[in-house]
Amino acid sequence: MASIPLLTAIFAFIYLIQSNPAISATTLLHGGTRPAMLLPLYRSSPNISRSFSNSRRHLQRSDPNSHPNARMRLYDDLLLNGYYTTRLWIGTPPQTFALIVDTGSTVTYVPCDTCEQCGNHQDPKFQPDLSSSYQPVKCNLDCNCDRERVQCVYERQYAEMSSSSGVLGEDIISFGNQSDLVPQRAVFGCENVETGDLYSQHADGIMGLGRGDLSVIDQLVDKGVISDSFSLCYGGMDIGGGAMVLGGISPPKDMAFTHSDPVRSPYYNIDLKAIQVAGKRLPLNPKVFDGKHGTVLDSGTTYAYLPEAAFLVFKDAIMSELQSLKQIRGPDPNYNDICFSGGPSDVSELSNTFPAVEMVFGNGQKLLLSPENYLFRHSKVRGAYCLGIFQNAKDPTTLLGGIIVRNTLVMYDREHSKIGFWKTNCSELWERLQITSAPLPVPSSSNRKNSSAELPPSEPPNYVLPGELQVGRITFDMFLSVNYSNLKPHFPELADFIAKELDVNTSQVHLLKFMSKGNNSLITWAIFPSGSANSISNATAVSIISRLAEHRVHLPDAFGNYKLLQWKVEPPAKRTWWEQHFLTVVLAVMITAIIGLAASAILFIWRQRHQTINSYKPVDAALPEQELQPL
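Residues numbered from 1 in each chain as written. Predicted model: local features only at pLDDT ≥ 70, side-chain atom pairs only at ≥ 80, totals over all residues. Heavy atoms only, no water.

(A) Representation of the sheet that holds strand S25 (residues 385-387) in the model. A sheet is described by the order of its strands in space; here four strands give the open sequence S20-S21-S25-S24, paired in antiparallel fashion. One side of each edge strand has no neighbouring strand; the edge strands of this open sheet are strand S20 (326-328) and strand S24 (375-377). Looking at each pair of strands side by side, their axes are set apart by 35° on average, direction ignored. Bridge analysis of S24 against S25 gives three bridges, and the strand direction is antiparallel. In the sheet register, Phe 376 faces S25, and the bridge partner there is Cys 386. (Pairing = 2+ DSSP bridges. Helix = DSSP H or I, 4+ residues; strand = E, 2+ residues; numbered from the N terminus. Axes fitted to C-alpha atoms, helices over the stretch in contact; angles between N-to-C directions.)

(B) How the structure looks around the pattern of salt bridges. One pass over the full model with this rule turns up nine salt bridges. Among the ionic pairs, Lys 292 bridges to Asp 395, the shortest N-O distance being 3.2 Å. Taken as a pair, Lys 292 in the loop between strand S17 (280-281) and strand S18 (295-297) and Asp 395 in the loop between strand S26 (389-391) and strand S27 (398-400) lie far apart in primary sequence, 103 residues in all. Accessibility expressed as a relative area gives 4% for Asp 395, which makes it buried. The closest approach of N and O atoms between Glu 308 and Lys 394, which form a salt bridge, is 2.9 Å. Of the two residues, Glu 308 sits in helix H6 (residues 308-321) while Lys 394 sits in the loop between S26 and S27, which places them 86 residues apart along the sequence. Classification of Glu 308 as partly exposed rests on a relative accessible area of 32%. Each of Asp 218, Asp 228 and Arg 414 takes part in salt bridges that share partners, so that together they form one network. (Salt bridge = Lys/Arg side-chain N within 4 Å of Asp/Glu carboxyl O. Buried < 20%, exposed > 50% of the residue type's maximum accessible area, 1.4 Å probe, protein only.)

(C) Structural detail: the side chain of Asp 180. Tracing the sequence through the fold places Asp 180 in the loop between strand S9 (163-174) and strand S10 (184-195). Within the buried core, Asp 180 has no salt-bridge partner, and the shortest N-O distance to an opposite charge, that of Arg 71, equals 7.7 Å. Reaching out from Asp 180, the side chain makes a polar contact with the backbone nitrogen of Asn 69 at a distance of 2.9 Å. (Lys, Arg positive; Asp, Glu negative; His and termini not counted. Polar contact = N/O pair within 3.5 Å; in protein donor to acceptor, adjacent residues only side chain to side chain.)

(D) Quick peek at the packing of aromatic side chains. By the definition in use, this model includes 17 aromatic pairs. Ring centres of Tyr 303 and Phe 390 lie 5.3 Å apart, and the angle between their planes is 85°; this geometry places the pair in the edge-to-face category. Of this pair, Tyr 303 sits in the loop between S18 and strand S19 (304-306) while Phe 390 sits in strand S26, and the two are 87 residues apart along the sequence. According to the relative accessible area criterion, Tyr 303 is buried, its value standing at 13%. Between Phe 314 and Tyr 374, the ring centres sit 6.4 Å apart and the planes meet at 90°, which makes this aromatic pair edge-to-face. A residue pair is termed long-range when its members are at least 10 positions apart, and Phe 314 in helix H6 and Tyr 374 in the loop between strand S23 (366-369) and S24 qualify at 60 residues. In this structure, Phe 314 and Tyr 374 share a single accessibility class: buried. In this structure an aromatic cluster arises from ring pairing among Phe 97, Phe 126, Tyr 134 and Phe 188. The cationic tip of Arg 87 hangs over the ring face of Tyr 75; the distance from NZ or CZ to the ring centre is 4.0 Å. (Phe/Tyr/Trp six-rings, centres within 6.5 Å; stacked < 30°, edge-to-face > 60°. Lys NZ or Arg CZ within 6 Å of the ring centre and 35° of its normal.)

(E) The arrangement of the sheet that holds S23 in detail. What the four strands build is an open sheet, ordered S17-S16-S22-S23; its pairing is antiparallel. Every other strand in the sheet has two partners, leaving S17 and S23 as the edge strands with one partner each. Pairing of strand S16 (residues 272-277) with S17, which is carried by two bridges, proceeds in the antiparallel orientation. Bridging across to S17, Val 277 finds its partner in Lys 280. Lying over the sheet, H6 contacts S16, S17 and strand S22 (357-361), oriented at roughly 20° with respect to S16. (Contact = heavy atoms within 4.5 Å.)

(F) Local environment of the state of the cysteines. If you walk through the whole model with that rule in mind, you get six disulfides. Put simply, Cys 112 and Cys 190 are joined by a disulfide, and their sulfur atoms are 2.0 Å apart. Here the disulfide of Cys 112 and Cys 190 is right-handed, its torsion about the S-S bond being about 80°. With Cys 112 in the loop between strand S5 (109-111) and strand S6 (135-136) and Cys 190 in strand S10, this residue pair connects regions lying 78 residues apart in the sequence. Classification of Cys 190 by relative accessible area gives buried; the value is 0%. Here Cys 233 connects covalently by a disulfide to Cys 426, the sulfurs 2.0 Å from one another. (Disulfide = S-S within 2.5 Å.)

(G) Inspection of the environment of Asp 238 at higher detail. When you line up the elements, Asp 238 lands in the loop between strand S12 (229-234) and strand S13 (242-246). Of the residues examined, Asp 238 reaches a relative accessible area of 40% and is grouped as partly exposed. Linking Asp 238 and Lys 563, residues 325 residues apart in sequence, is a C-alpha distance of 7.6 Å. Discounting chain neighbours no more than four positions away, the residues touching Asp 238 are Val 347, Arg 377 and Lys 563.

(H) Molecular detail of unusual backbone geometry. A cis geometry characterises the amide bond from Thr 92 onward to Pro 93, with omega recorded as 0°. Here Pro 93 shows up in the loop between strand S3 (85-90) and strand S4 (95-102). For Lys 292, which is not glycine, the phi torsion reads 50° and is therefore positive.

Printed below as a string of structure tokens:
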């Protein structure tokens, strides 16, 4: 009889897993609100995608400083891309990929060279045949298998109707030259089919940071190479990028923590109890934030979504604080955005106009949300901003995306079932945490079969150019949202400002490409060598690159909102024989022509004189009398 309760508990646990699919309705929004991004709709292989047992990790409690960690830079931003990416190197020799960091996904995958339905992404597809350390994951009882039952496969579908599927492989994964964690073997997905946003996005794939056996975090923790924690720090409204740490770090003293229940939902949740606007607590029942999956924190979602009751009260509270501003239509007619004009253009001054918002946790600690944590810029009206928090249709889940944690270090302390928040400038995170770059530890020879597989990828240091490299030109893209009805007449003025900001001559700044749609413009500029020089000196190139990469180019307010995008260094163009000897050939032709003309002129004059001296005269022709000269 004792076995009956045990079997009942087992069946109940299995039913809980099978009946608790990933969030689906949270992103199926209506009424013109913006869709969320990249939350799994269901798991096609529940037996390998997540593990809900945390007893193993609770037995491994340890000092985070006793393990190495992987420090990794983040790229992109929410406004232009809707996501943040990091760089991951896979294989031997390493192949580079730009992957969206997503705490709502459990599988890390990249396009495979066998993929016939993959989009054009940032980097070339992964080529398993070129990696000496790649091994396919063979079919077994713990995975879904292909039709031939030879190799393990994966499939993921997302609520915005995109999907990814392919095979599972194992290879060396490297984390960059800022990491003191040596490269590790890990299982990842090699895509054969992708659809929807995954097909059209610029990023190569997804880096899954969620809970599950295929998660990068779980695999590294299972190996015992990092503590069961990771951290993300997203850049602010004007500066994208940021930082990520795989493994534990010592939390700042004033970090605000909240409980995160791993059994409550398969996603990272927080214990949100109340929201305050301008110091006033919203009249809401705390249970409103505990519906369905509770309050979910997801880095792969762009904006934030509240249940209907919470959203309506929050919206009214914000609007009552902004009566001095004018409400205007949003930048996209397809969405019913709530926008206001008359705000400052400088992000640092937003708090003078927009109210502070605080999230109150169950333990009484609070997370302060600056205006940049709940607003996004209006792309067509200068000084206008829109609410980045929307109603989550009829879904009772509270979904907090990346906008909520701009310039906030978020520590996912899975070992202690809590999540911490610390407001900071993410572009200066390492200095603020007083973390210094540690040298890469050398793996012991007994733990590696292929020494070349253990070498970290050769990521070049920031803004350092090899001495022998010749820079022919530096190109960069600039995105502008400007009020000018016609921007073209202002190109010379814009080039002058860019030249001053980059400390070069205006003659060196050339416009290469211009595309415009409405008030949004994308301009490609190039910086060429000065005068008759064939290349830009390395010192000058490094100065230009650092100013571009660190967003130190400031334009007058008249040019509206702008953002500097990617930059590229190009060597001097190889000239053909004709281009190299053009001047010599032209001079030779000119000299030959002059000599020829001079010879022709001399010959013509000589002939004229000869004809005059020996001209024929008739016998009876009258001749002028000539005076006889004395003999």
